[in-house]
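A structural walkthrough
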Amino acid sequence: MPHDKRARRFRRLWLTLGVVLLITAGLWVGNSSALWGGGDGRPLLLAHRGIAQTFPLDGVENDTCTASRIHPPDHSYIENTLPSMRAAFAAGADMLEVDVQVTADDQLAVFHDSTLECRTDGTGKVREHTLAELRRLDLGYGYTADAGATHPLRGTGAGLLPTLDQVVTAFPGRELLVDLKNDDPAEGERLAGYLATLPAERLTTISVYGGDASVAAVADRLPTLRATSKKIMKDCLVRYLGTGWTGHVPDACRHTELHLPQRYGRLLWGWPNLFVDRMRAADTRVVLVAGDGPWSAGFDRPADLTQVPAGWSGWLWTNRVDAITP
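Residues numbered from 1 in each chain as written. Predicted model: local features only at pLDDT ≥ 70, side-chain atom pairs only at ≥ 80, totals over all residues. Heavy atoms only, no water.

1. Re the side chain of Asn-80
To keep it simple, the criterion reads: Only DSSP runs of H or I with at least four residues qualify as helices, and only runs of E with at least two residues qualify as strands; both kinds are numbered from the N terminus onward. Counting of polar contacts relies on pairs of N or O atoms within 3.5 Å, with two restrictions inside protein: one atom must be capable of donating a hydrogen and the other of accepting it, and residues adjacent in sequence are counted only when both atoms are side-chain atoms. Contacts were defined at the residue level, with two residues in contact if any of their heavy atoms lie within 4.5 Å.
Turning to its location among the elements, Asn-80 is positioned in the loop between β1 (44–48) and α3 (82–91). Within the structure, the side chain of Asn-80 is placed 3.0 Å from the side chain of Asp-99, a separation counted as a polar contact. Setting aside residues up to four positions removed in sequence, Asn-80 forms contacts with Arg-49, Met-85, Glu-97, Val-98, Asp-99, Val-110, Phe-111, His-112 and Pro-162.

Put into structure tokens, the structure is as follows:
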């Protein structure tokens, strides 16, 4: 009798293991990017701030002046300026990211830092200055690759600060991603007020991202606009982790944009190409960001492209579209 009990236990154990293996195999087959992913191998390129001066990310904190630690320049472009943006599109960019803040006279200025001391010859916060005052600044003043011994871009950036309307007008029909730099609902409302004046067809080519509160203000005013924030991305990914094994894409993942470091992508059902296909079917972009830290590192050198999954047909985040397009 004891022998029969042991035999039954072993049979139950093997049956349980068999069921687990079948379920695991089914999940793998149903979510295999190798079997079902339809990536055509042509990444789409998001030019972060146009063509920018790059810098090492080691040791960077929220208050680090990145202009004071750039790599030795091999081009003369200054980020977030029209010449930089034109060069990015000419080099093959599919979409352009620009940083936007509200000035003292309620204009939408395109500039990254909330303060002026790092990059320019000005002082104080962007929001404390009028657009006319900001345009008198030299946007290349603070850039140095040798701890201040030389400033190769100084004197080249006066008058180059654009408004968002100038960017929208300069690149009709091109895809634009607007980054609201300050997580302030009032700035989100100001941006939404401007975007509401654009034709509906133009709005289909513009997306917005930034802090939770500022993006929520834009989305409340323009619910059909493509928008994303940390909260929106988290809501999407948490829900997808729970249901994505079935192939279902939750509503939280529809008509938005996901910025994903590759290390997080590996956790997602169908990663990489089947995941991209599922999100594309839900009208959502997947933008692959280099590195695995808190910063938006770009695929900026040909060597960086070895990190891109084979057959990737989503988006790539880059500061040097000119360097990686070839």
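2. A word on the state of the cysteines
Defined as follows: Two cysteine sulfur atoms form a disulfide, by the criterion used here, when they sit within 2.5 Å. Only protein chains enter the accessibility calculation, which uses a 1.4 Å probe; a residue whose area is less than 20% of its type maximum is buried, one above 50% is exposed, and one in between is partly exposed.
Tallying each qualifying case throughout the model produces two disulfides. Put simply, Cys-65 and Cys-118 are joined by a disulfide, and their sulfur atoms are 2.1 Å apart. On the sign convention where negative is left-handed, the bridge of Cys-65 and Cys-118, at about 85° about the S-S bond, is right-handed. With Cys-65 in the loop between β1 and α3 and Cys-118 in the loop between β3 (108–110) and α4 (131–135), this pair connects stretches of sequence that are 53 residues apart. Covalent S-S linkage joins Cys-236 and Cys-253, the inter-sulfur distance amounting to 2.1 Å. Where Cys-236 bonds to Cys-253 through sulfur, the torsion about that S-S bond is close to 105°, and the disulfide is right-handed. In this pair, Cys-236 is assigned in helix α9 (residues 230–243) and Cys-253 in the loop between α9 and β7 (257–261), connecting sequence segments 17 residues apart. Both residues of the pair, Cys-236 and Cys-253, count as buried. If you count the bonded cysteines of the protein chain from the N-terminus, they pair up as 1-2, 3-4.

3. Brief notes about the pattern of salt bridges
Quick note on the threshold: For this document, the term salt bridge refers to a Lys or Arg side-chain nitrogen within 4 Å of an Asp or Glu carboxyl oxygen.
The tally for this structure, following the rule as stated, stands at 20 salt bridges. Note that Asp-58 and Arg-69 form a salt bridge whose closest N and O atoms lie 3.8 Å from each other. Taken together, the residues Asp-58 in the loop between β1 and α3 and Arg-69 in the loop between β1 and α3 connect sequence positions 11 residues apart. For Asp-58, a relative accessible area of 56% gives the class exposed. Judged by its relative accessible area of 21%, Arg-69 is partly exposed. Of the charged contacts in the structure, one is a salt bridge between Asp-235 and Arg-239, with a shortest N-O distance of 4.0 Å. Of this pair, Asp-235 and Arg-239 both sit in helix α9, separated by four residues, roughly a single helical turn. Under the relative-accessibility criterion, Asp-235 is labelled partly exposed at 25%. With a relative accessible area of 45%, Arg-239 lands in the partly exposed category.

4. Things to note about the nonpolar core
We count it as follows: Definition used in this section: a nonpolar core is a set of buried Ala, Val, Leu, Ile, Met, Phe, Trp, Tyr and Cys residues joined via side-chain atoms within 4.5 Å.
Of all hydrophobic cores here, the largest spans 59 residues; its most connected members are Leu-164, Leu-195 and Phe-275. With five residues, the single largest contributor to this core is α3. With near-sequence residues (within four places) excluded, Leu-164 lies in contact with Val-98, Val-100, Leu-108, Val-110, Val-178, Leu-191 and Tyr-194. Core analysis: the next-biggest nonpolar cluster, separate from the first, contains 15 residues, Ile-78, Val-126, Leu-134 and Leu-139 among them.

5. Describing a positive patch on the surface
Which entries qualify depends on this criterion: The patch calculation keeps residues exceeding 30% relative accessible area without a salt bridge and links them within 9 Å when they carry like charges or within 5 Å when they are nonpolar (Val, Leu, Ile, Met, Phe, Trp, Tyr). For every accessible area listed, the method is Shrake-Rupley and the probe measures 1.4 Å; residues are considered covered only by the protein chains on display. Neither His nor the chain termini are counted; the positive set is Lys and Arg, and the negative set is Asp and Glu. For the purpose of locating charges, the reference atoms are NZ of Lys, CZ of Arg, CG of Asp and CD of Glu.
There is a patch of like positive charges on the surface, built from Lys-5, Arg-6, Arg-8, Arg-9, Arg-11 and Arg-12. Take Arg-6: it is sitting in helix α1 (residues 2–30). With a relative accessible area of 44%, Arg-6 lands in the partly exposed category.

Everything listed here is a matter of geometry and, on its own, says nothing about what the molecule does.
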